[in-house]
Each structure stands twice: as structure tokens, then as C-alpha cells.
Amino acid sequence: MGWIKVVGIGPGNLKDMTIRAREALQECDIVIGYITYIKLVKPLIEGKEILSSGMRKEILRCQDALKPALEGKKVCIISSGDAGIYGMAGLMYEVAAKVGVNVDIEVIPGVSAFSSAASILGAPIMHDFAVISLSDHLTPLNLIEERIEYASKGDFVIALYNPKSKERPDNIIKAQKIMIKYKKGETPVGIVKDASREKQSVVITTLNDMLNHDIDMTTVIIIGNEKTYVEKDRMITPRGYIL
Ligand code: SAH
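Residues numbered from 1 in each chain as written. Predicted model: local features only at pLDDT ≥ 70, side-chain atom pairs only at ≥ 80, totals over all residues. Heavy atoms only, no water.

Under an unreviewed UniProt entry, the chain has the name Precorrin-3B C(17)-methyltransferase and belongs to Aceticella autotrophica. Under Pathway (unreviewed entry), UniProt gives the following word-for-word description of the chain: "Cofactor biosynthesis; adenosylcobalamin biosynthesis." (UniProt positions renumbered as here; feature names shortened; annotations may be inferred.)

Turning our attention to the state of the cysteines. Enumeration according to the criterion identifies zero disulfides in this entry. Unpaired in terms of disulfides, Cys 28 finds its nearest cysteine sulfur in Cys 76, a separation of 3.8 Å. Take Cys 28: its relative accessible area is 3%, and that puts it in the buried class. (Disulfide = S-S within 2.5 Å. Buried < 20%, exposed > 50% of the residue type's maximum accessible area, 1.4 Å probe, protein only.)

So, about the sheet that holds strand 3 (residues 49–53). Pairing is parallel in the open sheet, where five strands are placed in the order 3-2-4-1-5. Each edge of the open sheet carries a strand with a single partner, namely strand 3 and strand 5 (105–108). Direction aside, the axes of adjacent strands within the sheet are offset by 20 degrees on average. The sheet contact formed by strand 1 (residues 3–8) and strand 4 (residues 74–79) spans six bridges and is parallel. Among the inter-strand pairings, Val 6 is bridged to a residue of strand 4, identified as Ile 77. Docked against the sheet, helix 1 (residues 19–27) engages strand 1, strand 2 (30–34), strand 4 and strand 5, running at close to 140 degrees with respect to strand 1. Along the sheet face, helix 4 (residues 89–99) touches strand 1, strand 4 and strand 5 and points at about 175 degrees away from the line of strand 5. (Pairing = 2+ DSSP bridges. Helix = DSSP H or I, 4+ residues; strand = E, 2+ residues; numbered from the N terminus. Axes fitted to C-alpha atoms, helices over the stretch in contact; angles between N-to-C directions. Contact = heavy atoms within 4.5 Å.)

Before going further, it helps to examine the domain arrangement of the chain. If you check the domain split of the chain, you get domain 1 (3–111) and domain 2 (114–236). Distance from the C-alpha centre of domain 1 to the C-alpha centre of domain 2: 28 Å. Taken together, the contact between domain 1 and domain 2 spans eleven residues of the former and twelve residues of the latter. Interface area lost by domain 1 to domain 2 is led by Pro 11, Arg 56 and Tyr 86, which between them contribute 59%. Our count for the contact surface shared by domain 1 and domain 2 stands at one salt bridge. For Arg 56, the salt bridge identified is with Glu 167, shortest N-O distance 3.4 Å. Put simply, domain 1 and domain 2 have seven residue pairs in polar contact (both at pLDDT 80 or more) between them. Its residues assigned to classes, the side of domain 1 that touches domain 2 comprises six nonpolar, three polar and two charged. (Domains from an automatic or database assignment. Buried area = accessible area lost by both parts, 1.4 Å probe. Salt bridge = Lys/Arg side-chain N within 4 Å of Asp/Glu carboxyl O. Polar contact = N/O pair within 3.5 Å; in protein donor to acceptor, adjacent residues only side chain to side chain. Nonpolar A, V, L, I, M, F, W, Y, C, P; charged D, E, K, R; others polar.)

Listed below in C-alpha cells is the structure:
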């Protein structure tokens, strides 16, 4: 019987990949994924059939997985971070349902970018938090803005994904303007680029100052809540213990 496993490969470093994810990659016949992610797992998939494709080819990748799986092959579709967080997991189920085939699909979770970035910054997500993607490619901008508004109003720690690309340099500016209506300008902000990858860089700044730093598509930004503080270059959100 063939199968499809949608595998979260973690943020980048092979040490941050789960054992389950490694085993799936070992067991499979075919690996399908975005070129950049295929490169990240290259040492683990020597000798496998590899189907790599570019950005915005997500539907095609899922369609490509179906035929071999129905013919009895074992197929891994890889996704960065956690496959079920802005990843390939949901789409794989949707495509299989649309095509109307009955195929065994399993999702293997991974360490998401926010989780990896938080560990690098210290412990900024110790309390309730919201993850919001600033990509308006599939989501209307007004809905994104509304969610930032509510999360800020609710004093959630906020993790921003897809913060800035060449096509939409302004969404991060809009996001900062909304957040600063509710959160103090001195609120700590952590900017982590390429978390757990070779080029990793980290900045701890404030909500006032965050736009003065380098932010791109491989960056995740974590904005603290009212209680978040910085000590010895670590960003910490207290859980509420009395010490
Ligand atoms: N499934 C992924 C998210 C995919 S969306 C996960 O769970 O992490 C792509 C966005 O994730 C990027 O634009 C960036 O904001 C964030 N991201 C993914 N990997 C990252 C990394 N290693 N360092 C910083 N941000 C990352």
C-alpha cells in the first residue's frame, strides 16, 4: 500500500528535525518539495527520487504526490517548520478530496519557526499568543489587519510570519501602526532571520524601533505582551509565578 506523509522538517538545522520526520524520509521512495527545503534535507535523501519545484507550485506538488501513492509508492511531501502551520498539510487533504481519491495521508509535525525563534530569543512566548501571517497572497489584507487589531487589543504576544517581501513591503508598516495603538512603544520585539540555519541573525529591539531593522521573507518577528521584558539580551514573558 502506498502512502503520503506530509513532513514538517523543522526550521532548517537537521538537529531540529523530529525522529519521526527522519524515519519518514528514510522509508519513502519519493520526496517532493520546494527547492530550498529539498536542499536543507539533502544529506538525508540521497538516492531517492526527488521532485523539486519553485514557489507558488504548492497545488502541483500535492497533485504530483497522488499518482505514485496510488500506484503503491511511499511519498513524502516536505514543508518547512510544522507542515500544518501555513504548510502543505491542509492543502494535501484538500487536493486529495478534490480529485476524489482515497489515499493514506499522514501529517508529521515539526518545530515551527515561531517556536525555534522563541528559543533563540529567550522565552518570549510563555503566555497566550497569536500567530499572524502578513501575506495577503491568499488572505485579504483587511482581515489580516483586523486580526492584528484584535490580538493587540487582547494583549497577546504576537508572532508575525511572512513579514515582508518585495511585492508587499508595506504590510509590516501597517502592522506596526496597528500594534502601537494598543501596545507600548517600548514593548520588546525579537526579530529572528533564518532561525536555526547557517545565516541565522537575531535582533532584540522595541515596537517603536522595529522597522529600522532588516526584515525579509525568512524572518519571524515576535512582539511581546505588556509584561515582556529584556534582561541580559534575552526576551522574557513572565508566566505569572511569584518569586
Ligand atoms: N510551516 C512553516 C511556516 C511556513 S510560512 C513553520 O511552521 O514555520 C513561511 C514563513 O515562515 C516565512 O516567511 C517566515 O516568516 C517563517 N519562517 C520559516 N522558517 C523560518 C526560519 N528558519 N527562520 C525565520 N522564519 C522562518
